[in-house]
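So you can see what is in the structure, the chains are spelled out below.
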Amino acid sequence: MKRIATPVLVLSAMALTAPAFAGGYSEPVIEQPTIAPAPVMPVSGSDWTGGYAGATLGYGWGDDALDDADDMTYGVFGGYNYDFGQFVLGGELEYLGSEIENDTANLDDMTRLKLRAGYDAGPALIYGVVGAAYANADIAGSSYSDTGYTYGVGVDYAVTDSINVGAEVLQNEFDEFDNSGTDLSATTVGARVSFKF
């Protein structure tokens, strides 16, 4: 009886495992991991819309009543820009103290109301300036004040989303300064740091 049972058990085991070999061997399907694309981050400073305030330190030199006069300038400013895409329009008010003087005249300070229009180059804003300027000056020992005009160019660069650095070159003209009998003009170059809010 033992001799018959053993072949029956072996045949039964083979019958049960035969279907596993019927189809042959196939490689298991390995799914490739899905890699999501990196998110596209906007360039820092690409949107110039908003208010800002800051300080400036620079140098200036004069002409006419301020001929051969030159020295440092310093001041504060605040303004607002609106970014239309590639075109940026804004306004700014600036107070500028001055050490520009010669033997007969000195420019005490200027207050400038500026219209700025420029090109949005991502983290950089390249712009032109036109506006009005109000100056206080001493000429030949007398104090004068008058309104004139200012124009020039500038650039701002976004270091972060809220901090900008830049530079500005402006020409300031005062014809027949406060009926003093002379014109007054000054060129100012300023390095600027501002906080955007």
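In short, a report on the structure. Keep in mind that what you see is a predicted model, and the values were worked out from it rather than measured. Residue positions are given per chain, counted from 1 along the sequence in the order it is written. Per-residue local features are limited, in this predicted model, to residues with pLDDT of at least 70; the limit for side-chain atom pairs, both in listing and counting, is 80 or more; totals at the level of whole chains, interfaces and linings are taken over all residues. Only heavy atoms go into the side-chain values, all of them from the structure, while hydrogens and water stay out.

## What to know about the pattern of salt bridges
Point 1. The working definition used for a salt bridge is a side-chain nitrogen of Lys or Arg within 4 Å of a carboxyl oxygen of Asp or Glu. For the structure shown, the criterion picks out 8 salt bridges.
Point 2. For the salt bridge of Glu 92 with Arg 116, the shortest nitrogen-to-oxygen distance reads 3.6 Å. With Glu 92 in strand 3 (residues 87-98) and Arg 116 in strand 4 (residues 105-121), this residue pair connects regions lying 24 residues apart in the sequence. Note on accessibility: Glu 92 and Arg 116 belong to one class, buried.
Point 3. Two residues, Glu 168 and Arg 192, come together in a salt bridge whose shortest N-O distance is 3.5 Å. One end of the pair, Glu 168, is in strand 7 (residues 163-174); the other, Arg 192, is in strand 8 (residues 184-196), with 24 residues separating them in the sequence.
Point 4. Residue exposure (1.4 Å probe, protein chains only): buried if accessible area is under 20% of the type maximum, exposed if over 50%, otherwise partly exposed. By relative accessible area, which is 4% here, Glu 168 ends up buried.
Point 5. In this structure, a network of salt bridges that share partners links the residues Glu 92, Glu 94, Arg 112, Lys 114, Arg 116, Asp 156, Glu 168 and Arg 192. Counting from the N terminus, the helices are the DSSP runs of H or I reaching at least four residues and the strands are the DSSP runs of E reaching at least two.

## Some words on the pairing of strand 3
Point 1. When DSSP finds two or more bridges between a pair of strands, those strands are recorded as paired. Sheet analysis places strand 2 (residues 70-83) next to strand 3, joined by 11 bridges and oriented antiparallel. Its bridge partner lying in strand 3, Asp 83 is registered against Val 88.
Point 2. The pairing of strand 3 with strand 4 spans 11 bridges and is classified as antiparallel. Residue Gly 97 lies in a different strand from strand 4, and its bridge partner there is Asp 109.

## Description of the nonpolar core
Point 1. Buried Ala, Val, Leu, Ile, Met, Phe, Trp, Tyr and Cys residues form a nonpolar core when they are joined through side-chain atoms within 4.5 Å. Ranked by size, the top nonpolar core spans 16 residues in total, and within it Leu 66, Leu 107, Phe 174, Phe 177 and Leu 184 carry the most contacts.
Point 2. For this core, the elements supplying multiple residues, two or more each, are strand 4, strand 5 (124-139) and strand 8.
Point 3. If you tally residues by element for this core, the top one is strand 5, at 4 residues.
Point 4. Should any heavy atoms of two residues lie within 4.5 Å, those residues are counted as being in contact. Beyond its immediate chain neighbours, meaning those up to four positions away, Leu 184 contacts Asp 63, Asp 64, Leu 66, Leu 107, Ala 137, Ile 139, Asn 172, Glu 173, Phe 174 and Phe 177.

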